[in-house]
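What the coordinates show
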Amino acid sequence: MADIHSWLVTGAAGFIGSNFVHYWCTRYPDDRVVVLDALTYAGNRNSLTALEAHENFSFVQGDITDQALVEALLRDHQLDGIVNFAAESHVDRSITGPDAFISTNIVGTHRLLEAARKVWVTEGRAAGHRFHQVSTDEVYGSLGNDDPPFTEEHPYLPNSPYAASKASADHLVRAYQETFGLRTSISNCSNNYGPYQFPEKLIALTICNLVRGKALPIYGTGMNIRDWLFVDDHCRGIDRVLRAGKTGRTYNIGGGTEMTNIGLVQRLCELADQVIGESAELQARYPDAPASKGRTSASLIEYVSDRPGHDWRYAIDISRIDQELGYQPLTDLDRGLELTLNWYLNNDQWWQAVMDGSYQQWIDSQYTAGR
Ligand code: NAD
Ligand code: DAU
């Protein structure tokens, strides 16, 4: 790949994008990074505070569907790489309101592709450019317990509006490579967890609920399986793809850590009981946590009705990225959960701020009243 040192990173006020720009600006401090984010409910400027003083970092509030804005950013900042994290990302929201998923995930990706084609290919401003699409394993559909993990050759069989919108975007990215010669790559990743994750996803929600003594909702039987990856390892995987991956190629990224949802939540509950149980300071800060009252966090688990179209199992085969790019995840689940729990315990201002107001009303209507 040509040397690219100036990037447009979209959606980087969200969970993975913010971790990615922290990672990138630390590792490659001379690269220029322009973040474009619409600051939807899932976007948070506070997740980028530490980067505000970085001389090669800048933030632009705007929408990826605004093609004129994207073109101007590519020209004005002479950017020759795009990493597209911007998306509506929560499966449950795609069931209650799919429109935003079509707009951002499909139309938005298309507008980004068109802007890149116009500036980089038609105007010839960046011969060695790269458009990288951050995608998901959910495009492959659902596995049974005995099925082999998803490879990059697995057919696309998306089951939720979210997964279908991400699959559509992947197809558009591929088509722009094949038809217009745009230099692209795609990574399809499994479930991420770690700092700065909006507390609507299983691990972040479990932590933020248990410290407040609130119910821990488990959908259906709790036996659905996900493959968990600590977010830093996802960032490292994207780094490998951007630095050494072939253009026009797709790479799976995963943790190789399959867990049932109930097994994962129980493990997190035990960890929280231990960490909070050993700290008088945490017990004073979180008086409603069961561990502060001599009870177990697992007592908060409540089985609720299942998610419609709930995928049973995801598992990722990372042979390609391992063999071609030398990638392996570094953080095992125990260590990753400990890092994540500690981050949320020490950053309650961050998650308290995102959990009030309209978000809290939405989540209450979904879970407390049953579905
Ligand atoms: P997130 O919901 O935490 O963040 C999404 C970000 O995109 C937010 O900052 C939001 O403000 C921004 N955004 C939304 N619509 C926008 C628009 N129209 N224009 C500009 N910005 C917009 O998402 P995440 O969990 O960090 O996921 C990031 C990407 O990674 C997504 O593309 C998602 O599909 C993919 N992915 C996520 C996971 C996961 O486990 N979270 C796993 C695999 C792949
Ligand atoms: O696999 C990658 C995908 O992982 C990403 O593409 C998505 O953006 C991301 O949101 C995630 O999707 P999931 O639907 O797997 O993640 P979520 O955290 O919403 O749910 C994980 C599992 O836990 C799933 O089987 C549903 C279940 N669940 C979730 C919540 C929020 C519960 O049982 N209770 C809950 O409260």
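What comes next concerns the included structure. Once a new chain begins, its residue numbering starts again from 1 and follows that chain's sequence as written. For this description, chains carry letters from A and ligands carry numbers from 1, given in the order in which they are written. Reporting in this predicted model follows two pLDDT cut-offs: at least 70 for local features of residues, and 80 or more for side-chain atom pairs to be given and counted; totals over whole chains, interfaces and linings ignore these cut-offs and use all residues. Each side-chain value is worked out from all heavy atoms of the structure, with water and hydrogens disregarded.

We now examine the overall build of the chain. Here a helix means four or more residues in a row that DSSP labels H or I, a strand means two or more in a row labelled E, and each is numbered from the N terminus. If you tally the helices and strands in the chain, you get 13 helices and 12 strands. In terms of principal-axis extent, the alpha carbons of the chain reach across some 65 × 50 × 40 Å. Throughout, exposure labels follow a simple rule: accessible area from a 1.4 Å probe, protein chains only, divided by the maximum for the residue type, with under 20% read as buried, over 50% as exposed, and the rest as partly exposed. When the 371 residues of the chain are sorted by exposure, 57% land in the buried category. For every accessible area listed, the method is Shrake-Rupley and the probe measures 1.4 Å; residues are considered covered only by the protein chains on display. Total accessible area computed for the chain in this model is approximately 14600 Å², and 48% of it derives from carbon and sulfur atoms.

Here we take up the environment of Gln61. Structurally, Gln61 is set in strand E3 (residues 57-61). The exposure class assigned to Gln61 is exposed, which follows from its relative accessible area of 55%. The contact definition used throughout considers only heavy atoms, calling two residues in contact when any of these lie within 4.5 Å. In contact with Gln61, other than residues within four places in its own chain, are Leu36, Asp37, Ala38 and Leu39.

So, about the site of ligand 1. Neighbouring ligand 1 are 29 residues; Ile16, Asp37, Ser89, Tyr162 and Lys166 lie closest to it. Pairing of N or O atoms within 3.5 Å defines a polar contact, subject to two protein rules: one partner must be a possible hydrogen donor and the other a possible acceptor, and residues neighboring in sequence count only if both atoms are side-chain atoms. The separation between an oxygen atom of ligand 1 and a polar main-chain atom of Ile16 is 2.8 Å. Burial of ligand 1 by the protein amounts to 97% of the accessible area it has alone, namely 840 Å². If you list the elements that add at least two residues to the shell around ligand 1, you get helix H1 (15-27), strand E5 (130-136), helix H5 (161-180) and strand E7 (191-193). Looking at the shell around ligand 1 element by element, the count peaks at 3 residues for E5. Residues are grouped as follows: Ala, Val, Leu, Ile, Met, Phe, Trp, Tyr, Cys and Pro are nonpolar; Asp, Glu, Lys and Arg are charged; all remaining types, including Gly, are polar. Taken together, the residues of the shell around ligand 1 break down into 13 nonpolar, 12 polar and 4 charged. Distances are taken per atom, and a residue is near a molecule or strand as soon as one of its heavy atoms is within 4 Å of it.

This brings us to the side chain of His54. Residue placement: His54 occurs in the loop between strand E2 (32-37) and E3. The contact partners of His54, leaving out residues within four places of it in the chain, are Cys25 and Pro29.

Along its 14 residues, helix H11 (residues 333-346) runs 20 Å from first to last C-alpha, staying within 8% of the 20 Å computed at 1.5 Å per residue. Every buried residue of H11 is listed here: Leu333, Gly336, Leu337, Thr340, Leu341, Trp343, Tyr344 and Leu345. Multiplying 1.5 Å by the helix residue count minus one yields the expected span of that helix.

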